[in-house]
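# Examining the three-dimensional arrangement
Spelled out from the first residue to the last, the chains are:
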Amino acid sequence: MSKGKGGGKGRDRTVYRSGDEWINKRNDADRASSKHGTQKDAIDAANRMLKNQGGGELTTKGRDGKIRSKDTIPPGNDPNPPKDREH
């Protein structure tokens, strides 16, 4: 599997908790892009990075590690635009 090739999948990001930090990580990366003291700061950083990279999917996990939300950051393609009422 080649990194960063093809659709937005290589740009997709996940925000999750690790120890005392909130991690913003590109899904195809080995290391975190950034670490934050709050989930909001990590989400804000991930949103900025996705917008700068041409959009993609942001997955946010809660403290329990379960997915809390998924959001398509423009100009990525939202597979279900009529159903996405979260934001």
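One structure accompanies this document, and this report is about it. This is a predicted model, so every value here is computed, not measured. (Residues numbered from 1 in each chain as written. Predicted model: local features only at pLDDT ≥ 70, side-chain atom pairs only at ≥ 80, totals over all residues. Heavy atoms only, no water.)

## Section: the overall build of the protein chain
The line we're drawing: A run of H or I in DSSP becomes a helix once it reaches four residues, and a run of E becomes a strand once it reaches two; helices and strands are each numbered from the N terminus. Accessibility here uses a 1.4 Å probe with only protein chains present; expressed as a share of the type maximum, an area under 20% marks a residue as buried, one over 50% as exposed, and anything in between as partly exposed. Reported accessibility uses the Shrake-Rupley method at a 1.4 Å probe radius. Residues are deemed covered only where the shown protein chains occlude them.
From N to C terminus, the protein chain includes 1 helix and 5 strands. Along the protein chain, from the amino end to the carboxyl end, the secondary structure elements read β-β-β-α-β-β. Out of the 87 residues in the protein chain, the part that is buried amounts to 33%. Accessible surface, the protein chain: about 5,900 Å² in total, of which carbon and sulfur atoms supply 46%.

## So, the environment of Asn24
Selection rule: Whenever two N or O atoms come within 3.5 Å, that pair is a polar contact, provided that in protein one can donate a hydrogen and the other can accept it, and provided that, for residues adjacent in sequence, both atoms are side-chain atoms.
Within the fold, Asn24 resides in strand 2 (residues 21-26). With 15 residues separating them along the chain, Asn24 and Gln39 place their C-alpha atoms 9.2 Å apart. Here Arg13 takes part through its side chain, which lies 3.2 Å from a polar atom of the side chain of Asn24.

## What about the environment of Asn27?
Note the cut-off: Residues are treated as being in contact if the distance between any of their heavy atoms lies within 4.5 Å.
As for its placement among the helices and strands, Asn27 is situated in the loop between strand 2 and strand 3 (34-36). Remark: the alpha-carbon pair of Asn27 and Gly10, spanning 17 residues in sequence, is separated by 6.8 Å. If near-sequence neighbours (up to four positions away) are discounted, Asn27 is found in contact with Asp12, Arg13 and Thr14. A polar contact of 2.7 Å, which involves the side chain of Asn27, links it to the side chain of Thr14.

## A word on the sheet that holds strand 4 (residues 56-61)
The following threshold applies: When DSSP finds at least two bridges between two strands, those strands are taken to pair. Axis geometry follows a simple rule: fit a line to the C-alpha atoms, using only the stretch in contact for helices, then measure angles between N-to-C directions, giving values from 0 to 180 degrees.
The strand order 3-2-1-4-5 describes an open sheet built from 5 strands, whose pairing is mixed. The open sheet has two edge strands, strand 3 and strand 5 (67-73), and neither has a second partner. With strand direction ignored, the average angle separating the axes of adjacent strands in the sheet is 20 degrees. The sheet contact formed by strand 4 and strand 5 spans 6 bridges and is antiparallel. Note on strand 5: the bridge partner recorded for Leu58 is Asp71. Across the sheet, helix 1 (residues 39-52) lies against strand 1 (13-18), strand 2, strand 3, strand 4 and strand 5, angled at about 170 degrees from strand 4, the strand it touches most.

## Some words on the nonpolar core
Soluble globular proteins tend to bury their nonpolar side chains together. Definition in use: Take the buried Ala, Val, Leu, Ile, Met, Phe, Trp, Tyr and Cys residues and link them wherever side-chain atoms come within 4.5 Å; each set so joined is a nonpolar core.
Counting residues in each nonpolar core, the largest one holds 7 residues, listed as Val15, Trp22, Ala42, Ala46, Leu50, Leu58 and Ile73. With 3 residues, helix 1 is the single largest residue contributor to this core. If we ignore the near neighbours within four places in the chain, the residues touching Ala42 are Val15, Trp22, Asn24 and His36.

## As for helix 1
Here is the rule we go by: One fewer than the residue count of a helix, multiplied by 1.5 Å, yields its expected span.
In this model helix 1 runs 20 Å from its N-terminal to its C-terminal C-alpha over 14 residues, within 8% of the 20 Å that 1.5 Å per residue would give. Listed in full, the buried residues belonging to helix 1 are Gln39, Ala42, Ala45, Ala46, Asn47 and Leu50. The inward-facing, buried residues of helix 1 contact strand 1, strand 2, strand 3, strand 4 and strand 5.

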